[in-house]
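Overview (structure and organization)
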Amino acid sequence: MTVIYFDWLDYLVFGAMLLFSALIGVYFAFFASKKQNTTSEYLMGGKTMGMFPISMSLIASYISGISLLGLPAEMYTYGTQLWTIVLSEWAVSLTIAVIYLPVFYNLQITSTYEYLRLRFNQNVRLLGSIIFIIKMLLYIPIVIYVPALAFSQVTGINLHLITPIVCVVCIFYTTLGGLKAVVWTDTLQTVLMYFGVIFVLGYGTWRLGGIANVFAINQQGDRLEFFNMDPDPTIRHTFWSTVFGNYFSWLASCSVNQAMVQRCLALSSLKRARITIFIMAAGIFIIVSLCCYTGLVIYATFATCDPLSTGAIRKSDQLLPYFVMTITGSIPALPGIFMSGVFSAALSSMSTGLNSMCGVIFEDLIRPVYNKPISERNASFIMKITVVIIGVICVALVFLVEHMGALIQAGKSLAGITAGSLLGLFSMGLFLPWTNATGALTGGIASTLLVGWISLGTQAAMIRGEIVVPPKPVSVAGCTENTTLPEFTPLSFNNVEFDRSGTFFLYRLSYLYYTLVGMIVCIVVGSIVSYFTGPNDPTMVHRDLLTPMIHRWLPEQHPHCRRPRLTQHDIELHARELEELRANSAYNKIIGSQEGGRQINNNINIS
């Protein structure tokens with residue numbers, strides 16, 4: 001099959017997307033009524049953001065190019081069992097709205113990890129911040145690599161030449177425009193992402209004769225599998241791992257993630273934040289389902305001529321770009337629209353990561369070491385330099401990503417190293433008032449080390465060939481090119497996906513359980529250590545630091561229990577913001593005093 005590359009119209013569409021993204025950053029940096037030169041504006045959007053852009057930003061942030069390319073590749077290669085992850089999204093959203101978000105919103109904290117200082121101490125906060133930074137440094141390079149891989153596929157340009165271009169644009173608008181630029185570019189990119197995916201799968205379905213034919217071909221190819229109820233935790237994907245295991249993985253990604261909390265607190269009320277979360281859940285449910293269905297369309301298209309077997313592509317993650325260029329490449333601008341959608345998903349995830357990492361580094365690592373207040377001008381400069389530095393580091397780490405396996409598994413495996421310990425730390429603080437700082441610190445470290453050992457050990461075992469995940473059967477019977485490969489790979493209905501030939505049990509554990517294991521280890525170790533080092537008195541832990549769900553079962557709060565206090569840096573920061581508000585509202589004060597005088601005169605007259 002002839003390889004088709006971008007033409008001038010595709011490059012024009014793609015360039016327009018990058019240009020508009022950059023211009024949004026320029027607008028909020030230089031032309032908006034409120035410049036991004038204060039901590040509140042740069043990190044929180046002045047807490048005046050609307051629900052629509054925040055919802056779109058959250059959708060774009062959590063649906064990266066990993067999902068757009070990795071989910072179709074997963075459906076094509078291993079079948080549809082992973083599709084059932086969408087069932088856990090709604091439960092996660094409800095959990096966040098009821099249990100986690102009210103606490104964070106009530107405290108009004110800039111950094112999520114400020115909660116760990118208020119609940120435990122500064123050392124636990126530092127641990128949480130470092131774990132989060134490690135998590136993002138592991139995640140963002142994968143996000144960058146994905147669009148570079150896809151762009152290389154559709155243009156023939158080396159991906160390591162593309163990577164710096166992607167990152168420079170993203171770093172540019174994130175650095176200049178702060179949270180508002182990130183949110184509004186995410187909104188633009190979410191629209192492009194949806195449009196690209198819907199157009200491609202719609203055209204592909206039409207070519208195949210409708211949805212019924214797509215599912216029929218996939219049924220014949222043994223791709224349809226939704227209810228593998230085997231309880232064995234070493235099977236890569238079962239109903240239990242994709243629904244129950246993924247629940248904790250997604251909960252860690254959303255409930256205690258700096259990006260989520262930072263955006264929710266940018267809204268004006270808790271009610272609006274909750275509505276936003278459910279809009280996000282609906283948006284993610286739709287886009288994940290569209291991506292999974294796209295995988296079925298791709299398989300139905302290449303059911304008799306597998307492009308991996310023929311050498312047309314090198315990795316399964318290139319299936320979607322290959323499909324777009326070979327099947328829809330003749331439609332003007334469609335490949336450009338598709339690549340704009342993939343890059344949009346990647347840019348939004350990267351910009352969100354850079355902005356949230358910048359907030360954590362500044363608030364948790366830089367500000368506490370200063371002995372005197374940091375001026376807003378210096379704070380803005382430091383945060384922008386921080387974005388540039390971590391962006392450059394992420395670009396350098398991309399070279400390690402291309403040696404990993406499937407993107408979905410690699411991304412979730414690396415995220416699981418830190419997700420479980422973070423979820424465990426926050427859950428201990430919210431649900432277990434007797435746990436102390438020593439227990440939290442010990443539990444967090446133990447959890448990170450254990451899951452890190454499991455995850456990295458599993459990746460190493462897969463590289464050595466000790467763990468094999470057999471793909472679903474493929475065929476090359478319908479290929480027209482000469483090939484030395486066997487004409488047909490027999491169907492196999494063997495559901496045992498991991499090779500059990502002596503590999504260590506924990507290395508064979510499904511990666512979807514990593515977060516659950518990490519959370520359990522963190523809470524159990526933390527509780528035991530707290531017991532032996534002197535547990536907290538639950539009556540002395542302020543109720544603002546505990547989820548409202550457990551208040552009714554707790555003993556009455558001690559009258560001398562103090563409300564959580566902000567640091568001196570925060571007090572000075574809020575004092576400066578209050579001073580600016582007073583200076584900007586002089587006219588309103590004058591009007592208010594005049595109206596007050598008239599009201600007094602009216603009252604006197606009535607008397």
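Going by what an unreviewed UniProt entry lists, the chain is known as Sodium-coupled monocarboxylate transporter 1 and is assigned to Arctia plantaginis. What UniProt records for the chain under Sequence similarities (unreviewed entry) is the sentence "Belongs to the sodium:solute symporter (SSF) (TC 2.A.21) family." The Subcellular location (unreviewed entry) field of the UniProt record for the chain holds the comment "Cell membrane".

Moving on, we come to the overall build of the chain. Of regular secondary structure, the chain possesses 21 helices and 0 strands. For the chain, buried positions account for 58% of its 607 residues. A sequence separation of at least 24 residues applies to 85% of the contacts in the chain between residues at least 6 apart. Accessible surface computed for the chain: about 24,500 Å², of which carbon and sulfur atoms make up 66%.

A few words now on the environment of R508. Take R508: it is sitting in the loop between α18 (437–463) and α19 (514–532). Linking R508 and V468, residues 40 residues apart in sequence, is a C-alpha distance of 9.8 Å.

Let's shift gears to the packing of aromatic side chains. Using the criterion set out here, one finds 19 aromatic pairs in the structure. Centre to centre, the rings of Y76 and Y299 are 5.6 Å apart; their planes meet at 70°, and the pair counts as edge-to-face. In this pair, Y76 sits in helix α4 (residues 65–78) while Y299 sits in helix α12 (residues 270–301), placing the two residues 223 residues apart along the sequence. On the basis of relative accessible area, Y76 is assigned to the buried category, the value being 2%. Their ring planes at 80° and their centres at 5.3 Å tell us that F244 and F248 sit as a pair that is edge-to-face. Here the residue F244 and the residue F248 both occupy positions in helix α10 (residues 239–255), the gap between them amounting to 4 residues, near one helical turn.

Turning our eyes to something else, we now look at unusual backbone geometry. If you check the backbone angles, D222 has positive phi at about 65° while not being a glycine. In this structure, D222 sits in the loop between α9 (211–220) and α10. Among the residues examined, D222 registers a relative accessible area of 14% and is labelled buried.

Once that is clear, we can look at the packing of helix α7 (residues 122–155) against helix α15 (residues 334–366). As a packed pair, α7 and α15 sit with axes 9 Å apart at the nearest point and diverge in direction by 160°. Accordingly, the angle class assigned to the pair α7 and α15 is roughly antiparallel. α15 is crossed by α7, and the crossing has left-handed handedness. A breakdown of the residues in the contact of α7 with α15 according to their chemical character gives 24 nonpolar, 5 polar and 3 charged.

Within the largest apolar cluster, 154 residues are counted, with the highest numbers of intra-cluster contacts made by Y115, I287 and M339. For this core, the element with the most residues is α7, which contributes 17 residues. Sequence-distant contacts of I287, that is, excluding residues within four places in its chain, are made with I63, L68, M193, Y194 and V197.

In the structure shown here, the tally under the stated rule is 5 salt bridges. Of the charged contacts, one joins E74 and R236 as a salt bridge, the two residues approaching to 2.8 Å between their closest N and O atoms. Taken as a pair, E74 in helix α4 and R236 in the loop between α9 and α10 lie far apart in primary sequence, 162 residues in all. Here E74 falls in the buried class, since its relative accessible area comes to 3%. Through salt bridges with shared partners, a single ionic network connects E114, R117 and R125.

Another point: α15. Given a rise of 1.5 Å per residue, 33 residues ought to cover 48 Å, and the 46 Å separating the end C-alpha atoms of α15 matches this to within 8%. The element α15 is largely enclosed, with a buried count of 32 among its 33 residues.

On the surface, W90, L94, V98, F278 and M549 cluster together to form a nonpolar patch covering roughly 420 Å² of accessible area. With 3 residues, the single largest contributor to the nonpolar patch is helix α5 (residues 86–107). The topology assignment puts L94 in helix α5.

Rules used throughout
Residues numbered from 1 in each chain as written. Predicted model: local features only at pLDDT ≥ 70, side-chain atom pairs only at ≥ 80, totals over all residues. Heavy atoms only, no water. UniProt positions renumbered as here; feature names shortened; annotations may be inferred. Helix = DSSP H or I, 4+ residues; strand = E, 2+ residues; numbered from the N terminus. Buried < 20%, exposed > 50% of the residue type's maximum accessible area, 1.4 Å probe, protein only. Contact = heavy atoms within 4.5 Å. Areas by Shrake-Rupley, 256 points an atom, 1.4 Å probe, with all protein chains shown as cover. Phe/Tyr/Trp six-rings, centres within 6.5 Å; stacked < 30°, edge-to-face > 60°. Axes fitted to C-alpha atoms, helices over the stretch in contact; angles between N-to-C directions. Parallel < 35°, antiparallel > 145°, perpendicular 65-115°, else oblique. Left-handed = near helix turned anticlockwise from the far one by under 90°. Nonpolar A, V, L, I, M, F, W, Y, C, P; charged D, E, K, R; others polar. Core = buried A, V, L, I, M, F, W, Y, C linked by side-chain atoms within 4.5 Å. Salt bridge = Lys/Arg side-chain N within 4 Å of Asp/Glu carboxyl O. Expected span 1.5 Å × (residues − 1). Patch = residues over 30% accessible without salt bridge, like charges linked within 9 Å, V, L, I, M, F, W, Y side chains within 5 Å.

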